[in-house]
Structure formats: C-alpha cells, structure tokens
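Given next are the chains, with one letter for each unit.
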Amino acid sequence: MATVHLRIGDLVWGKLGRYPPWPGKIVSPPKDLKKPRGKKCHFVKFFGTEDHAWIKVEQLKPYHAHKEEMIKINKGKRFQQAVDAVEDFLKKAKGKEQNSDGKGDSKGKKTPNKPLKILDEDDEDLSALKDPSEKDLADSDPEPSTVERLGAGPGSGFKWESSPASSMEPISKRLKIIEEVTGSTSIQAADSTAINGSITPTDKRIGFLGLGLMGSGIVSNLLKMGHIVTVWNRTAEKCDLFIQEGARLGRTPAEVASMCDITFSCVSDPKAARDLVLGPSGVLQGIRPGKCYVEMSTVDPETITELSQVITSRGGRFLEAPVAGSQQLSNDGMLVILAAGDRTVYEDCSSCFQAMGKTSFFLGEAGNAARMMLILNMVQGSFMATIAEGLTLAQATGQSQQTFLDILCQGQMASTFVDQKCQNILQGNFKPDYYLKHIQKDLRLAISMGDMANHPTPMAAAANEVYKRAKALDQSDNDISAVYRAYIH
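How each quantity is defined
Note that residues are indexed from 1 along each chain, following the sequence as it is written. Side-chain atom pairs in this predicted model are given and counted only at pLDDT of 80 or more, local residue features only at pLDDT of at least 70, and totals for whole chains, interfaces and linings cover all residues. To get the side-chain values, all heavy atoms of the structure are used, and hydrogens and water are removed first. Helix and strand definitions follow DSSP, with helices as H or I runs of at least four residues and strands as E runs of at least two, each counted in order from the N terminus. Any residue under 20% of the maximum accessible area for its type is buried, any over 50% is exposed, and the rest in between are partly exposed; the area is computed with a 1.4 Å probe on protein chains only. Contacts between residues were defined by any pair of non-hydrogen atoms, one from each residue, lying within 4.5 Å. Computed with the Shrake-Rupley method and a 1.4 Å probe, the accessible areas treat only the protein chains shown as cover for residues. The span expected for a helix works out to 1.5 Å for each residue beyond the first. The method works on a 1 Å grid over the protein atoms by themselves. A cavity is a set of points holding a 1.4 Å probe that cannot get out, a pocket is an open set with protein on both sides within 12 Å along at least five of seven lines, and residues with an atom within 4 Å of a point line them. Grid points are joined across faces, edges and corners, and a volume is the space filled by probe spheres set on the points. The nonpolar class holds Ala, Val, Leu, Ile, Met, Phe, Trp, Tyr, Cys and Pro. Asp, Glu, Lys and Arg form the charged class, and all remaining residues, Gly among them, are polar. Each domain span listed reflects an automatic or database assignment of domains. Among the buried residues, those of types Ala, Val, Leu, Ile, Met, Phe, Trp, Tyr and Cys that are joined through side-chain atoms within 4.5 Å form a nonpolar core. Two strands are counted as paired when DSSP detects at least two bridges linking them. Per residue, pLDDT captures the predictor's confidence, and it can take any value from 0 to 100. The axes are straight lines fitted to the C-alpha atoms, using for helices just the contacting stretch, and the angles between their N-to-C directions are given from 0 to 180°. These descriptions rest on fixed angle ranges, namely under 35 degrees for roughly parallel, over 145 for roughly antiparallel, 65 to 115 for roughly perpendicular, and the rest for oblique. Helix crossings get a hand from a simple test, with the near helix turned counterclockwise from the far one by less than a right angle marking a left-handed crossing and a clockwise turn marking a right-handed one. Any two of the Phe, Tyr and Trp rings considered here, Trp counted by its six-membered ring, make a pair once their centres fall within 6.5 Å; the pair's planes then place it as stacked at under 30 degrees, edge-to-face at over 60, or tilted in between. When the NZ atom of lysine or the CZ atom of arginine is within 6 Å of a ring's centre and also within 35 degrees of its normal, the charge is said to sit over that ring. Salt bridges are defined as contacts in which a side-chain nitrogen from Lys or Arg sits within 4 Å of a carboxyl oxygen from Asp or Glu.

Let's talk about the overall build of the chain
Each helix and strand in the chain was counted, giving 18 helices and 14 strands. In the chain, which comprises 489 residues, the share counted as buried stands at 51%. Considering only residue pairs separated by 6 or more positions, the chain has 69% of its internal contacts joining residues 24 or more positions apart. When the accessible surface of the chain is split by element, carbon and sulfur atoms take 51% of a total near 23,000 Å².

Laid out in structure tokens, this is it:
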C-alpha cells in the first residue's frame, strides 16, 4: 500500500485512542511545544472543539479520500456537526481565495488568533477540554494566512466509538482523567488514580502473569508508559513480543512473584487462577512479607477469598482488580478497573491502573469486585443473546436485519457495543474480542452467586442455555457475538 505523505494545512481523519476517526487539520504546533520522542506524528487540531493533539502518522488518513467511508461508519450528531464544520470551512476558504485573486494588498494580513488549547500532559487545567457545543470551526477566520491555526478536537463531551483496526496508544491520558473527575458520581469513583493529567510510572518492579486477549494489551500499555515489567505465560512464545518491547522474562510464576514488588495475573477461570497461585512453582512460593499480588481474572468471590487468605498468610498483600472491557479497549488502555481488598495495594498500583484503564473503582473488601464484575458480565451476556435473538427473529419474519440494526442504532438502545456486535454478525466476523466461552463461564458463576444469595436469575439462566448450545456448536473460541449461531442451527 502506497504511503500518503501529509503536511501542514492538510485536512485529515485522525484516530485518538479508542475513539473513531475524527475530522481535523494538520497545523503548526506552538514553538514551545516539543514533539514526542521516537514518534512520527503530526500536530492536529480537530473540528468541533478547541482541542489539539499529537497523532501518529499511521492513525491519519486524508480527509477527502476517506470521507464517504468515515461517514458510513459514524452517524452521531456531534460527528455530523464536525463534518458540517469542515464543509463550511472549505466553502469559506474557497470564497476567500477567489476574492483575493489579483489583490496584492491582502498579502500578509492576519486576524488575531486566540491561544491554542492543547492536550498536554503537563497542563493542570482540566477545563481546557470543552464540550463541542461551545465552539464551532465556522466561527474561525478561514483566511489562508491563518489556516494553520484552525480546527478543533476530540473534547471530553464526546463518547467516541472504538475502531476495530486501531492499535494506537492514547495520545493523552487527560481524556481519561476528565472522565474520572466528571463522569462518575459514585462514592468510590472519586478515588481517581490520575494526578495532574500525567502518568509517572511507579519505580516498583511489576510482574504480569497471563498474556491472553486482555493481558497482552495491559502489558503493552504498562511498557509504553515506562513501567519495568517481568512477564510469564503458560505458552512461553507469547512472551517474545513483549521481550522485544523491553519486558523481562520470568521462568515460573514463583520466580516472577519473588523478583517483583507487585505481581498481576489475568487468566481464564477460577481453576486457572488457583493453579497459578497454589500449583507447582506457583505464586505462593514466591510470596514474601510485603509482596503484592493483584488478581485481575474474572472469578467467583469464593476463589478471591481463598487466594486472599493464602497470600496474606505468607505476609503478602492482596488486591482483586478484574476489568470491564474487551481486547480492543485493553489495547487502547481504556479498561474500567474494579478493585477491592488491600487499599494500600490499590494506591501502589496507581500508575499501573492509569496506564491500562480510563478509570478505576475501589469497592471495599475482597470479593466485592468479583461480585460486581459477574453482575456486569451477566447483564452483557444476556443482552448479547437478546440482540442475537432479535436479529434471527427479524430474518425469520422477512424483515431486513440491516434495517433492524439501523433502527436500533437510532433509538435509546444505541451504543458502540450494539453497533459493533451486530455488524460482526451481519458480516459473519466472529474474531474474538471477548471469548464466548468466558462470557458463558461468567453467566454460570453469576447464576451460582444468585443461588447462594437466594435471588432468582431467570434471564441469565435462559441466556446461559443459549451460550451452552453455541459452545456445543464449536463457538467457544469465537467472539460472544457468535451466540447468534445458536439460533440458526
């Protein structure tokens, strides 16, 4: 594929973190703003707000060549307003150019520019990220002499969608900080792990066990943000890529735990979590007084209680921290971390949680995070099964599945999750973003938790049976959206 060379003044589509491509313009950065080291990137000011950001070249596409493609992908009101602002800018710029033809006295004239608001990790003023309704590019002067300062960017008011093809690290954790400060009203949500919009990696040695769909993205972001990480995986070959990125290799879970101050694990189920700690050369053998162990796997509260007890019995400190999200959100560093257990460990993990997630919640005593995580995944799994059922019923009654999706995405249930999963189904693309076998496991554990609390879970129980049928049809290692196939076979 030919490389497209971009330069100052070009209109582009820029991709920032988990958000969708957004229209912007390559502009000159302020003289005192240094370009990020080791990155080939351009300084972009986006249409729709006052924000700017450094965007890696591989996350930029020419505006005109990809306009139709992007408009098909994104249908939000604010996105359309941003596109309209681009078109208004182009019309005004063309008009200015025509009016200035043959007029020598216009050369060199400039309209005074307002100070730029830049997404800068060293800037403590969080109010710099405005809601896009506060400013429209059409209000700016499109005269060519000032064109390098025009545009706007992805402000905190946007809830952008993920791009399946994106592998870009978030340019600024400022976006995450704002969501933590303003986007949550729960008591514990005030426990923001962000400080002044920047991430200073802890000097503690970090270990990570389990490099699956979620773990791989987490480790990659820990390394990108400057953490010292030692990795281990049951299939050793998966460690190679991270060794190339600067990670160290641990030969066993016990060795990793003994070498590191904080050891994280992220594995598939309760049995794997127990085996990792209690099995031969397991974590427990490497635990010494003061060592921290953080269990990120989605397991049942009883497993968490058992692991907490054995770790603390050796003088270790324990925290559970399962994550809500998907492989894409893990790659983008935009997970939601649910933590419970030792509060001091939660605080020690501050920079790690900033690197891997957009926000974190501390939920109290060990076991609470497991309970909350199972409830969340029970809802997600049940919802996915219902959506799949709706798509198949539409087909069975002679209705267009695409029209069903279009209508769904314009109503109250519209979400990135619905759009992406339905598109996957319609395209027959079931590449795993979250394994079907894992959501079925979570449903099973949630149902069991309901039984222990003497609380009925009939919807989850019905959904669980559908996922079990999908597993019987060899869909275990496909995405959760493959539950659709349980309805058509």
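Examining helix 4 (residues 213-224)
An ideal rise of 1.5 Å per residue puts 16 Å on 12 residues; helix 4 measures up with 18 Å between its terminal C-alpha atoms. Among the 12 residues of helix 4, 10 are classified as buried, and the element is accordingly described as predominantly covered. When we look at burial in helix 4, the residues that qualify are L213, M214, G215, G217, I218, V219, S220, N221, L222 and L223.

With respect to unusual backbone geometry
Phi is positive for S281, close to 55°, though the residue is something other than glycine. Its place among the elements puts S281 in the loop between helix 7 (270-278) and helix 8 (283-286). You can call S281 partly exposed: its relative accessible area is 31%. The backbone of N454 shows a phi angle near 55°, a positive value even though the residue is not glycine. Checked against the element boundaries, N454 lands in the loop between helix 16 (436-452) and helix 17 (458-472). When its relative accessible area of 72% is taken as the criterion, N454 is described as exposed.

Comments concerning the layout of surface pockets
Over the atoms, a rolling probe the size of a water molecule traces out where space has been left empty. In this structure, the second largest pocket occupies an estimated 790 Å³ of space. Around the second largest pocket sit 28 residues that line it, and G212, C266, V267, S268 and H438 are the ones nearest its centre. Secondary-structure elements contributing two or more residues to the lining of the second largest pocket are helix 4, helix 7 and helix 16. Its residues assigned to classes, the lining of the second largest pocket shows 12 nonpolar, 9 polar and 7 charged. Residue contributions to the lining of the second largest pocket reach at least three from each of two domains, namely domain 2 (186-366) and domain 3 (372-486).

With respect to the nonpolar core
Most often, soluble globular proteins have nonpolar side chains that are buried together. Core analysis: the largest hydrophobic core is formed by 37 residues, its most contacted members being F208, L222, F264, V294, M296, F353 and M356. With 5 residues, helix 4 is the largest single contributor of residues to this core. Ignoring anything within four residues of it in the chain, the contact list for M356 reads I218, L222, F264, M296, G333, M334, L335 and I337.

Describing the pairing of strand 2 (residues 22-26)
Most of strand 2 sits out of view: 5 of its 5 residues are buried. The alternating pattern of strand 2 places W22, G24 and I26 and P23 and K25 on opposite faces, both of which are buried. Taken together, the 4 bridges between strand 1 (residues 11-14) and strand 2 define a ladder with antiparallel strand orientation. Bridge pairing in strand 2 places V12 opposite G24. By the bridge criterion, 3 bridges tie strand 2 to strand 3 (residues 41-46) in an arrangement that is antiparallel. Paired with K25 across the bridge in strand 3 is K45.

A look at the confidence of the model for the chain
On average, residues of the chain score 81 in pLDDT, and 76% of them reach the 70 mark or higher. Throughout residues 104-114 the model reports pLDDT below 50, and contacts reaching past four residues in sequence, or to other chains, amount to 13 contacts.

Description of the packing of helix 13 (residues 368-396) against helix 15 (residues 416-427)
Axis separation between helix 13 and helix 15 bottoms out at 11 Å; the angle between their running directions is 50°. Between helix 13 and helix 15, the angle falls in the class oblique. Helix-helix and strand crossings are classified by hand; for helix 13 and helix 15 the assignment is right-handed. Touching Q380, F383, M384, I387 and L391 of helix 13 are F417, V418, K421, C422, I425 and L426, all from helix 15. For the contact of helix 13 with helix 15, a count of residues per class yields 9 nonpolar, 1 polar and 1 charged.

With respect to the packing of aromatic side chains
What the rule picks out here adds up to 11 aromatic pairs. Judged by centre distance (5.9 Å) and plane angle (20°), the ring pair of W13 and F79 falls under stacked. Separated by 66 residues along the polypeptide, W13 in strand 1 and F79 in helix 2 (residues 77-100) bring together distant segments of the chain. Grouping residues by exposure puts W13 and F79 together as buried. Through successive ring pairs, a cluster of aromatic residues spans F208, F264, Y346, F353 and F362. Lying across the ring of Y435, K437 places its NZ or CZ 5.1 Å from the centre.

Some points on the pattern of salt bridges
Under the definition given, this model contains 14 salt bridges. Here D261 and R205 are joined by a salt bridge, their closest N and O atoms 3.3 Å apart. Residue D261 is located in the loop between helix 6 (253-259) and strand 9 (262-265), and its partner R205 is located in the loop between helix 3 (174-182) and strand 6 (206-209); the two are separated by 56 residues in the primary sequence. On the basis of relative accessibility, which here comes to 24%, the residue D261 falls in the partly exposed class. Judged by relative accessible area, which is 39%, R205 ranks as partly exposed. One salt bridge in this structure joins D275 and K271, with 2.8 Å as the shortest N-O distance. You can see D275 and its partner K271 sitting in helix 7, 4 residues apart, about one turn around the helix. Here the residues in one salt-bridge network are R317, D342 and D348, joined through shared partners.

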